[in-house]
Amino acid sequence: MTHQLFDCRDAYSQELEALAAADPRIVAVVNDSVSSTKLKSFRSKFPDRFVNVGIAEQNMVGVGAGLALGNMLPYVCGASCFLTARANEQVKVDLGYTNSNVKLCGMSSGMAYGELGPTHHSIEDFAFTRVIPNLAVVAPADAIETRALMRYSAQHVGPMFLRISRVPVRNVMPEDFVFTLGKAHTLRKGNDITLMANGILVERALDAADILSSFGIDARVLNMSSVKPIDREAILDAARTTRGIVTVEEHSVYGGLGGAVAEIVAQEHPTRIKILGIPGVFAPTGSSDFLLEHFNLTATGIAEAAQQLLATSRTVA
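Residues numbered from 1 in each chain as written. Predicted model: local features only at pLDDT ≥ 70, side-chain atom pairs only at ≥ 80, totals over all residues. Heavy atoms only, no water.

Before going further, it helps to examine the sheet that holds strand β2 (residues 50–52). The seven strands are arranged β2-β1-β3-β4-β6-β5-β10 in an open sheet whose pairing can be described as mixed. Only two strands of the sheet have a single partner each, and these edge strands are β2 and β10 (226–228). Geometrically, the sheet is characterised by an average inter-axis angle of 20° between neighbouring strands, direction not taken into account. As paired strands, strand β4 (residues 103–107) and strand β6 (residues 160–164) are joined by five bridges and run parallel to one another. Among the inter-strand pairings, Leu 104 is bridged to a residue of β6, identified as Phe 161. Running over the sheet, helix α7 (residues 143–155) touches β3 (73–79), β4, β5 (136–138) and β6 and is turned about 165° from β6. (Pairing = 2+ DSSP bridges. Helix = DSSP H or I, 4+ residues; strand = E, 2+ residues; numbered from the N terminus. Axes fitted to C-alpha atoms, helices over the stretch in contact; angles between N-to-C directions. Contact = heavy atoms within 4.5 Å.)

When the terminal C-alpha atoms of helix α1 (residues 8–22) are compared, their 21 Å separation across 15 residues agrees well with the 21 Å that a helix rising 1.5 Å per residue should span. Considered for burial, the residues of α1 that qualify are Cys 8, Arg 9, Ala 11, Tyr 12, Ser 13, Glu 15, Leu 16, Glu 17, Leu 19 and Ala 20. Turning to α1, the residues buried within the fold contact β1 (26–30), α2 (40–45), β3, β4, α7 and β6. (Expected span 1.5 Å × (residues − 1). Buried < 20%, exposed > 50% of the residue type's maximum accessible area, 1.4 Å probe, protein only.)

Attention now moves to the sheet that holds strand β11 (residues 245–252). Here five strands make up an open sheet; going across it, the order is β7-β9-β8-β11-β12 and the pairing mixed. Here the strands that pair on one side only, and so sit at the sheet edges, are β7 (185–188) and β12 (273–278). Put simply, the sheet's adjacent strands are angled 25° from each other on average, direction ignored. The sheet contact formed by strand β8 (residues 193–197) and strand β9 (residues 219–223) spans five bridges and is parallel. When the bridges of β9 are listed, Leu 195 appears paired with Val 221. Lying on the sheet, helix α8 (residues 202–213) is in contact with β7, β8 and β9; it crosses β8 at an angle near 160°.

Function-wise, these values are silent; they only describe arrangement.
Listed below in structure tokens is the structure:
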């Protein structure tokens, strides 16, 4: 079956324009990344609410904090690799410490920049952001969730990091989806094993569940878009009612979704867990599809990891 694919940046930019039309407080702040953030149309429609600071990410975050203090609602948009790494101190102090009402939009996250290599890959941004107090961290799975997240973010008081990919994906969330911070969304029920994913890998987790079904394995699939706060109850329920958990993320295996899940499971209900992601290395240069295959972040790779975990479970039992 051929599915229509969507670039979540389009959903984000279109929704930002709709929000700005209804709310005069909304302003976009960019680091000379007008094209890659898909904000050319926003700039044309709202020239007085568009700030381009140039290639100066630390200043960009500081400008966003200042606008928030002036009762504006800034969306600070730039490549995730630079927004979260180069400006990390400003995110910590200017946003987290002061609890500023700023929305960080980390564009082209994960390995979406592909051929531009390790300097542009953003496989540490969950780790950089989820340790900062007051900062919510979310990675939407598709265009539908991206739109819902944007609408939610305009109502949320406090800083948020929205991790938005440029890799085209199919829509997996229901059309009437309403985003709730801190809640997982069950996309497939199952009692044998739980697959937890976010961002562009949610669709691959669903495809992995189809593969597992052909082997008689009933996999639960959870969209864990809200990395912080995270759905503790959904994690513990999976630990109690299935025979193991596989987490899947376009991020290092350290400090991201898998780490957040493991922290809860280890302390409250130990179970077998497999963390899939980039195994503590710099990703090589190549297309995003090549890189996902290189690290076995495919439907087949996810299904194989789940089967291995279940086999280990049977052996230990």
